[in-house]
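What follows is the residue order along each chain.
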Amino acid sequence: MARAVLGIIGGSGIYDLPGIEDVSEQRVTTPWGEPSDVLRTGRVGATSVVFLPRHGRGHRIPPSGINYRANIDALKQLGVTDLVSFSACGSYKEELSPGTFVLVDDFVDRTVRRESSFFGTGCVAHVSFARPVGPALQDLVWRAAGAEGIRCARGGTAVCMEGPQFSTRAESLTYKQLGYDVIHMTSMPEAKLAREAEITYAVVAMVTDYDCWHEVHGAVDVASLLRVMDENRGRAQRLFARLARDFPAEHVPCPAGSDRALDGAILTQPAARDPALLAKLRTVAGRVLAG
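How each quantity is defined
Residues numbered from 1 in each chain as written. Predicted model: local features only at pLDDT ≥ 70, side-chain atom pairs only at ≥ 80, totals over all residues. Heavy atoms only, no water. Helix = DSSP H or I, 4+ residues; strand = E, 2+ residues; numbered from the N terminus. 1 Å grid on protein atoms, 1.4 Å probe; cavity = no way out; pocket = protein on both sides within 12 Å on 5 of 7 lines; lining within 4 Å. Points joined across faces, edges and corners; volume = space filled by probe spheres on them. Nonpolar A, V, L, I, M, F, W, Y, C, P; charged D, E, K, R; others polar. Buried < 20%, exposed > 50% of the residue type's maximum accessible area, 1.4 Å probe, protein only. Polar contact = N/O pair within 3.5 Å; in protein donor to acceptor, adjacent residues only side chain to side chain. Pairing = 2+ DSSP bridges. Salt bridge = Lys/Arg side-chain N within 4 Å of Asp/Glu carboxyl O.

Colleague: Please give an account of unusual backbone geometry that cites residues and values.
Modeller: In this structure, the amide linkage connecting G163 to the following residue, P164, adopts the cis form with an omega of 5 degrees. Note that P164 resides in the loop between β9 (157-161) and α3 (169-177). That bond from M188 to P189 is cis: its omega, 5 degrees, falls within 30 degrees of zero. Of note, the phi angle at H59 is positive, near 55 degrees, even though the residue is not glycine. Along the chain, H59 turns up in the loop between β4 (47-53) and α1 (68-77). In the Ramachandran plot, D211 falls in the positive-phi region, its phi being about 55 degrees despite a non-glycine side chain.

Colleague: Provide a residue-level description of the layout of surface pockets, including the pertinent values.
Modeller: Computed from the structure, the second largest pocket encloses a volume of approximately 240 Å³. Ranked by the residues each element gives to the lining of the second largest pocket, the list is headed by helix α7 (residues 282-289), at four residues. Taken together, the residues that form the lining of the second largest pocket break down as three nonpolar, five polar and five charged.

Colleague: Explain the side chain of T81 to me, and be specific about the residues and the numbers.
Modeller: Its location among the elements puts T81 in the loop between α1 and β5 (82-91). A residue is classified by how much of its surface remains accessible, and T81, at 12% relative accessible area, is buried. There is a polar contact of 2.6 Å between the side chain of T81 and the side chain of D82.

Colleague: Before we move on, could you go through the pairing of strand β3 (residues 39-44) and cite the residues and values that matter?
Modeller: The two faces of the sheet receive side chains in turn, since in a regular strand these alternate between them. Within β3, five of the six residues are buried, which leaves the element mostly enclosed by the surrounding structure. Strand direction decides the pairing type here: strand β2 (residues 21-26) and β3, joined by four bridges, are antiparallel. Paired with S24 across the two strands is T41, which belongs to β3. Relative to β4, β3 is paired through five bridges, and the arrangement is antiparallel.

Colleague: Outline the pattern of salt bridges, supporting the account with residue identities and numerical values.
Modeller: As enumerated under the stated definition, the model contains 17 salt bridges in all. Among the ionic pairs, D37 bridges to R57, the shortest N-O distance being 3.1 Å. You can see D37 sitting in the loop between β2 and β3 and its partner R57 sitting in the loop between β4 and α1, a full 20 residues away along the chain. Taking relative accessible area as the criterion, D37 reaches 12% and is therefore assigned buried. Note that R114 is salt-bridged to E162, the shortest N-O span being 2.9 Å.

Shown next as structure tokens:
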């Protein structure tokens, strides 16, 4: 079994995490370009951790401007085996009120402008994505939330929109009618790329609002959203600290197969593979390409 390295991607309002010891900043170069920011490495107790602010410190990168491929490649280079993504979201369920954390386990991708795969012409691969969240990793997050007394719902579907604008009322009502639970702007293609990189992935969706379907609460108000985000940040820090302290020393094999996702996934025959693309894939797919 591999030594576990816990990766954390901080979403809106989470640009830093306290309590990490022996901190060093790593400026990682990837063949896909620059990640969102320098990565902070260190430990919490015996657990090795790597932190990356998705939007960059100061929130300077919009959702569609994030270099998701560079972020995942950089995390893989630093040995991350298990990745927990924190993301602000809107809710489509009355009971998922602002301040609630939702451990979603499925996604609907409504993005259209983002590079969603490391593979392409010259090396074609198809990974299974039927179960996009690692159940064992989600269970660890769930237990950490319970231990900290954080209001948390387990399971649900997140629709990922392009943004940066919030939903129209017609879109909001449609997504609610379709039975989705939350909406945000960043899980796609992040989760897809993590699967291709064989990194087990889980999401903590932090509810800030009711999108714009709710007749009483009305449209998203940025001022109130920022207030709830500030409150959520404290909960996220507590959740992270507990999760890291209790994290197993060795990576727990993923029941969804995320850590072996590339087994049998590459269709392009070795003689037909593009050497330039193979060089770019060295980090994320080196395990299967080395042979």
